[in-house]
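Each chain, written out:
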Amino acid sequence: MRIDVLGVGFDNVTMDEAVERGMVLLQSQGTHYVVTPNPEIVEVCREDPEAKAAVNGADLVLPDGIGIVKGAAMLGTPLKEKTPGIEFAAHLMEKMAGEGKSLYLLGAKPGIAEQAAKHLADQYPGLAVAGTHDGYFKEDGPVVEAIRRSGADVVFVCLGAPKQEKWMAKNGAATGARLLCGLGGSLDVFAGVVERAPKFWSDHGLEWFYRLCREPKRIGRMMKLPLFLVHVKQEKRKK
Ligand code: UDP
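What you see as residue numbers is a count from 1 along each chain, following the sequence as written. The model is predicted, so local features are restricted to residues of pLDDT at least 70 and side-chain atom pairs to those at 80 or more, both for listing and for counting; the totals for chains, interfaces and linings are taken over all residues. Water and hydrogen atoms play no part in the side-chain values, which are based on all heavy atoms of the structure.

Draft legend 1. Highlighting the overall build of the chain. The number of helices and strands found in the chain is 13 helices and eight strands. Taken over the C-alpha trace, the chain has a radius of gyration of 17 Å; the compact-globule value for 239 residues is 18 Å, and the two agree within 12%. Projected onto its principal axes, the C-alpha positions of the chain cover 50 × 35 × 35 Å. For every residue, the accessible area (1.4 Å probe, protein chains only) is compared with the maximum for its type, and the residue is labelled buried under 20%, exposed over 50%, or partly exposed between those bounds. For the chain, the proportion of its 239 residues judged to be buried stands at 48%. We call two residues in contact when some of their heavy atoms are within 4.5 Å. Long-range contacts, defined as pairs at least 24 residues apart, comprise 77% of the intrachain contacts of the chain with a sequence gap of at least 6. Taken as a whole, the chain presents about 11500 Å² of accessible surface, with 54% of it coming from carbon and sulfur. Seen as two clouds, the 31 positive and the 30 negative side-chain charges of the chain have centres 5 Å apart. A run of DSSP states H or I qualifies as a helix once it reaches four residues; a run of E qualifies as a strand once it reaches two. Both are numbered from the N-terminal end. Here the globule rule reads 2.2 Å times residues to the power 0.38, and the radius of gyration is calculated from C-alpha atoms. Accessible areas in this description were obtained via Shrake-Rupley with a 1.4 Å probe; residue shielding takes into account the shown protein chains only. Charged-residue counts in this description rest on Lys and Arg as positive and Asp and Glu as negative, His and the chain ends being excluded. Where a charge lies is defined by one atom per residue type: Lys uses NZ, Arg uses CZ, Asp uses CG and Glu uses CD.

What follows is the structure, encoded as structure tokens:
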């Protein structure tokens, strides 16, 4: 059973369990998708039923950061740990490389996915990158067809939230891939264009603050964080 945080159901798994579940999905018939919501996305889901359906319709819903883990604990239904999407992706690629599985990278500005592909191929010998496409396209059809033709087992869909979640819910099956993962700005990090917060900051639950200092224009989006906490407190009182 999933753990409900303001209407979004999270899978209560450790990182190891999440990766194991990802590998099982990747080896099962049909198409599956993984989402990694943070408090901002939970707030978006409260306002956008299509986003909420896409997120809750995923085969694996992982808490991207400490905010969700804190929220779940405040509601009296703790989650085992945070399972950031980018770390989940790194572990998955390690396993995929060992099994010769192929990966398609979709998203980010033109040129970024190719750059990420080069870095990832070096970092994970054995990982086959089946193709790349930037995230600024007008029609889904040709992109879906390109992924299908590539024969990729896994697709990293990095279009930002909630666009990527809706895209996977709508187009996932038609790509023919076994597993799609919505991973926000991860391609920018894999390409080396954006740095992740150093371990100290993420260990102390302050990755969001680090990002805010680096990219002050995120302030509008980050105002959803205090709103999330207010809503969690209201929900707790109701319980
Ligand atoms: N993006 C995209 N297509 C769009 C809008 C955004 O490919 O139409 C990309 C954008 O270039 C960036 C990523 O989606 O690489 C979103 O990054 P952000 O840092 O906002 O995501 P987060 O990790 O915070 O969810």
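Text resumes after the structure shown.
Draft legend 2. Representation of the packing of aromatic side chains in the model. Only centres within 6.5 Å qualify two rings of Phe, Tyr or Trp (six-membered ring in Trp) as a pair; their planes then separate them into stacked at under 30 degrees, edge-to-face at over 60, and tilted for everything else. Per the counting criterion, the structure on display carries five aromatic pairs. Between Phe-200 and Trp-201, the ring centres sit 6.3 Å apart and the planes meet at 90°, which makes this aromatic pair edge-to-face. Taking the relative accessible area as the measure of exposure, Phe-200 reaches 51% and is therefore exposed. On the basis of relative accessibility, which here comes to 25%, the residue Trp-201 falls in the partly exposed class. Taken together, Phe-200, Trp-201, Trp-208, Phe-209 and Tyr-210 form an aromatic cluster joined through their ring pairs.

Draft legend 3. Quick look at the pattern of salt bridges. Any Lys or Arg side-chain nitrogen found within 4 Å of a carboxyl oxygen on Asp or Glu counts as a salt bridge. If you walk through the whole model with that rule in mind, you get 16 salt bridges. When the shortest N-O distance is used, the salt bridge between Asp-11 and Arg-2 registers 3.2 Å. For Asp-11, a relative accessible area of 8% gives the class buried. Note on Arg-2: relative accessible area 28%, which makes it partly exposed. Three or more residues joined by partner-sharing salt bridges are found here, namely Arg-2, Asp-11 and Arg-21.

Draft legend 4. View of the environment of Lys-163. Within the element layout of this structure, Lys-163 appears in helix H8 (residues 163-175). Residue class for Lys-163 comes out partly exposed when judged on its relative accessible area of 44%. A C-alpha to C-alpha distance of 32 Å links Lys-163 and Arg-237, two positions 74 residues apart in sequence.

Draft legend 5. Fine view of the site of the ligand. Close to the ligand lie 15 residues, the nearest being Gly-135, Tyr-136, Lys-163, Asp-188 and Arg-218. One of the backbone nitrogen or oxygen atoms of Gly-160 is found 3.3 Å away from an oxygen atom of the ligand. Polar contact is the term for a pair of N or O atoms within 3.5 Å; when the atoms are in protein, one must be able to donate a hydrogen and the other to accept it, and sequence-neighboring residues count only if both atoms are side-chain atoms. At 2.8 Å from an oxygen atom of the ligand is found a side-chain nitrogen or oxygen belonging to Arg-218. Considered class by class, the residues forming the shell around the ligand number four nonpolar, five polar and six charged. Proximity is defined per residue: any heavy atom of the residue falling within 4 Å of a molecule or strand makes that residue near it. Residues are grouped as follows: nonpolar covers Ala, Val, Leu, Ile, Met, Phe, Trp, Tyr, Cys and Pro; charged covers Asp, Glu, Lys and Arg; every other residue, Gly included, is treated as polar.

Draft legend 6. Expanded view of the pairing of strand E5 (residues 102-107). Buried residues dominate E5, accounting for six of its six residues. Bridging between E5 and strand E6 (residues 128-133) involves five bridges; their strand directions are parallel. Each bridged residue has a counterpart across the sheet, and for Leu-103 the counterpart in E6 is Val-129. Between E5 and its parallel partner E6, the chain crosses via helix H6 (residues 112-123), and the hand of that crossover is right-handed. The rule for pairing is simple: two strands pair if DSSP sees at least two bridges between them. Alignment of E5 against strand E7 (residues 154-158), held across five bridges, turns out to be parallel. Orienting the strands away from the viewer, one traces the path from the first strand over the helix to the second; a clockwise path indicates a right-handed crossover.

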